[in-house]
Amino acid sequence: MQRRLTFSMIKPDAVRANHIGSILAMIEQADFSIQAMVMLQLNHPVAERFYDIHVHRPFYKELCAFIASGPIVAMVLEKENAVVDFRKLMGATNPAEAAAGTIRALFATSIDHNAIHGSDTDTTAAGEISFFFAGREFV
Ligand code: GTP
Ligand code: MG
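Calculation notes
Residues numbered from 1 in each chain as written. Chains lettered and ligands numbered in written order. Predicted model: local features only at pLDDT ≥ 70, side-chain atom pairs only at ≥ 80, totals over all residues. Heavy atoms only, no water. Near = heavy atom within 4 Å. Polar contact = N/O pair within 3.5 Å; in protein donor to acceptor, adjacent residues only side chain to side chain. Areas by Shrake-Rupley, 256 points an atom, 1.4 Å probe, with all protein chains shown as cover. Helix = DSSP H or I, 4+ residues; strand = E, 2+ residues; numbered from the N terminus. Nonpolar A, V, L, I, M, F, W, Y, C, P; charged D, E, K, R; others polar. Buried < 20%, exposed > 50% of the residue type's maximum accessible area, 1.4 Å probe, protein only. Contact = heavy atoms within 4.5 Å. Pairing = 2+ DSSP bridges. Axes fitted to C-alpha atoms, helices over the stretch in contact; angles between N-to-C directions.

S.K.: An account of the site of ligand 1 is needed here, citing residue identities and associated values.
M.R.: Close to ligand 1 lie 16 residues, the nearest being Lys11, Arg87, Thr93, Asn114 and His117. In this structure, Arg87 approaches ligand 1 through a side-chain N or O atom, which is 3.0 Å from an oxygen atom. Contact between ligand 1 and His117: an oxygen atom at 3.0 Å from a side-chain N or O atom of the residue. Here ligand 1 has 600 Å² of accessible area as a free molecule, and 83% of this is covered by the chains. Secondary-structure elements contributing two or more residues to the shell around ligand 1 are helix H4 (60-67), helix H5 (82-90) and strand E4 (116-118). Broken down by class, the residue content of the shell around ligand 1 amounts to five nonpolar, five polar and six charged.

Right, here's the structure in full:
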């Protein structure tokens, strides 16, 4: 099968809790190859643009405030079936429902502080990759 890209972001809760290294180790052990990576803090207007697909959801304001609350690690990952396999590695949105051994089962503390983001389709992956990495060269 053809190798494909997905986009992921280690969220501020997991960065604050010093889980960057453990999460990257899980990602590499699951056979994803890291193609590009940057650590930075989103300001509020950029956070609102990143999450504009959720603008009508009741928790939109909280979600944007949280994602802008501290540094994140944004990355491009390559693997066969990358989007679907990465969502399996993350586990369910709500850590109470996340399968044992997934990133969210291990590191998320609540549905709104859930450690990691992963694109949900190839189309959103392409959009999220260009949101962070457009105009930059990566492998
Ligand atoms: P992402 O990979 O972060 O996009 O998560 P997801 O695709 O598993 O979930 P979804 O896109 O539906 O929601 C985006 C994010 O909104 C989630 O990761 C949560 O952090 C947050 N979220 C979802 N449901 C709730 C909720 O009921 N309350 C709050 N405060 N946040 C929520
Ligand atoms: Mg999502």
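S.K.: Break down H5 for me, with residues and values.
M.R.: Along H5, the residues that are buried comprise Ala82, Val83, Asp85, Phe86, Leu89 and Met90. Against the buried residues of H5 lie strand E1 (3-10), helix H2 (20-29), strand E3 (72-80), helix H6 (103-107), E4 and helix H7 (122-133). At the exit of H5 stands Gly91, carrying a positive phi of roughly 85 degrees.

S.K.: Go over the environment of Gln2 with me, naming the residues and quoting the values.
M.R.: Inspection of the secondary structure assignment puts Gln2 in the segment before E1. Residue Gln2 is classed as exposed on the basis of its relative accessible area of 55%. Ignoring any residue separated from it by four or fewer positions in sequence, one finds Gln2 in contact with Glu80 and Asn81.

S.K.: Can you explain the sheet that holds E1? Please cite residues and give values.
M.R.: The strand order E2-E3-E1-E4 describes an open sheet built from four strands, whose pairing is antiparallel. Two strands in the sheet have a free side with no partner beyond their single neighbour: strand E2 (33-40) and E4. Averaged over all pairs of adjacent strands, the angle between their axes in this sheet comes to 20 degrees, without regard to strand direction.

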